[in-house]
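Structural characterization, general
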Amino acid sequence: MKNILKLGILVVVFAFFSCKNNKELEVKQPQESKEKEAPALNKNETTEATTTQKEFTWDTVTPSTVDIGAYPYITPPKGMIVDKDGSESFEFDKLEFFDGNTFFVLDGRVDRMQIKMEGDKEWQQYLFDKSVSEYLKSIGANLIFEGQIPSELTKKWGDNPNAIYKHMHEFYGADVVNHPVRFYVLKTEDKKIAFQVSSNSKTISVVENKAFVQTIEKVTADQIFKEITDKGIATLHINFDTGKSRIKADSYEIISEISKMMKSNLDLKISIEGHTDNVGDAASNLKLSKNRAQAVLMAIVEEGISEARLKSEGFGQTKPVGDNTTDSGKAKNRRVELRKL
């Protein structure tokens, strides 16, 4: 019995020391693990690691020495044509590109070409891809990105789908949110050109980079008088509230220049004639043109010019000078003319 009791005491003591040793091991293990962890980057190292992305630069693009032809420097493959109804051309616009690291925008002459098969045949996607890529390679273009732009980047274009797609339509000729795209750049001795190519959207967009040139000149009293003297008539584009005869604030500078001209040429008498485009019915446009011409007359009178030297008339849409089927033509037709009496 005594032997059994001694044996039991030994078992308890052994168990106690075993548990204690295990706890010490458990405590030591995390310390050993910590010692094996890689040291954390300091603040400067972290900043350096997150700023390694390089912006696109033309300095890294090898210039092409082959004949690249005339703008837009590419045509559809044989059996395909440009769909004029879905294509657009701009003397000065912009396109955005992605080189795998950063986005960059190029300004200049832009064409957005929608491509289709001749005779409305089935779309040949592989033929399009192969033909375009081989041709661009042959003229020295550099492929800077191929694939789908990461969604985490396109989501930054706006805080909702409408804003994202607005950005896409403004800067791209294809659906680059949902489909792959290829971006190419081409540099010659005197040109910088870039291409957006999408076989899914069936589009090729090209921009020839060039500096913006301001072509708007301030309308001055001397210019108005010279035009009236040389041609007998001066054409002005005075802005009014839509569908109304109220002159917008940004056009009062033109009114002031007309008044200066009248004050500098005391014998001059003019007829102020209003014209509209063909939007709306003819009767309403005629009335609107008369009211707008009268509004200009009264604005000139308020600047000290005798009403006896002025006359106003409106012709509505009856005397167009531009094509009313186009926006640019309609803009030309919405005008005020000053005719020498």
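In case you missed it, the structure is sitting above this.
All told, the structure shown has 11 salt bridges when counted by the stated rule. Between D190 and K191 there is a salt bridge whose closest N-O contact spans 3.8 Å. Classification of D190 as exposed rests on a relative accessible area of 62%. For the salt bridge of D277 with R334, the shortest nitrogen-to-oxygen distance reads 2.7 Å.

Moving on, we get to unusual backbone geometry. With an omega of 10°, the peptide bond running from Y71 to P72 counts as cis. The topology assignment puts P72 in the loop between α2 (43–50) and β1 (80–82). Although it is not a glycine, Y73 adopts a positive phi angle of roughly 70°. Exposure remark for Y73: the relative accessible area of 4% places this residue in the buried category. You will see that D120, though not glycine, has its phi angle at about 55°, which is positive. The topology assignment puts D120 in the loop between β3 (103–117) and α3 (125–138).

The subject of this paragraph is helix α8 (residues 282–301). Residue pairs three or four apart in sequence face the same way in an α-helix, which turns once every 3.6 residues. Taking 1.5 Å of rise per residue, the 20 residues of α8 would be expected to cover 28 Å, and the 29 Å separating its terminal C-alpha atoms lies within 8% of that figure. Burial in α8 covers these residues: N285, L288, S289, R292, A293, A295, V296, L297, A299 and I300. Buried-residue contacts for α8 involve α7 (252–264), β9 (270–275) and β10 (310–314).

Moving on: the packing of α7 against α8. Helix-helix packing is characterised by the crossing angle of the two axes and by the distance between the axes. Where α7 meets α8, the axes come as close as 9 Å, and the angle between the chain directions of the two elements is 60°. Crossing geometry of α7 relative to α8 is assigned as right-handed. Along the contact surface, α7 presents Y252, I255, I258 and S259, while α8 presents V296, A299 and I300. Its residues assigned to classes, the contact of α7 with α8 shows 6 nonpolar, 1 polar and no charged.

Turning next to the environment of E170. When you line up the elements, E170 lands in helix α5 (residues 161–171). Under the relative-accessibility criterion, E170 is labelled partly exposed at 34%. Separated by 77 residues in sequence, E170 and D93 place their C-alpha atoms 9.6 Å apart. Residues in contact with E170, not counting those within four places in the same chain, are K94 and R112.

About the criteria used
Residues numbered from 1 in each chain as written. Predicted model: local features only at pLDDT ≥ 70, side-chain atom pairs only at ≥ 80, totals over all residues. Heavy atoms only, no water. Salt bridge = Lys/Arg side-chain N within 4 Å of Asp/Glu carboxyl O. Buried < 20%, exposed > 50% of the residue type's maximum accessible area, 1.4 Å probe, protein only. Helix = DSSP H or I, 4+ residues; strand = E, 2+ residues; numbered from the N terminus. Expected span 1.5 Å × (residues − 1). Contact = heavy atoms within 4.5 Å. Axes fitted to C-alpha atoms, helices over the stretch in contact; angles between N-to-C directions. Left-handed = near helix turned anticlockwise from the far one by under 90°. Nonpolar A, V, L, I, M, F, W, Y, C, P; charged D, E, K, R; others polar.

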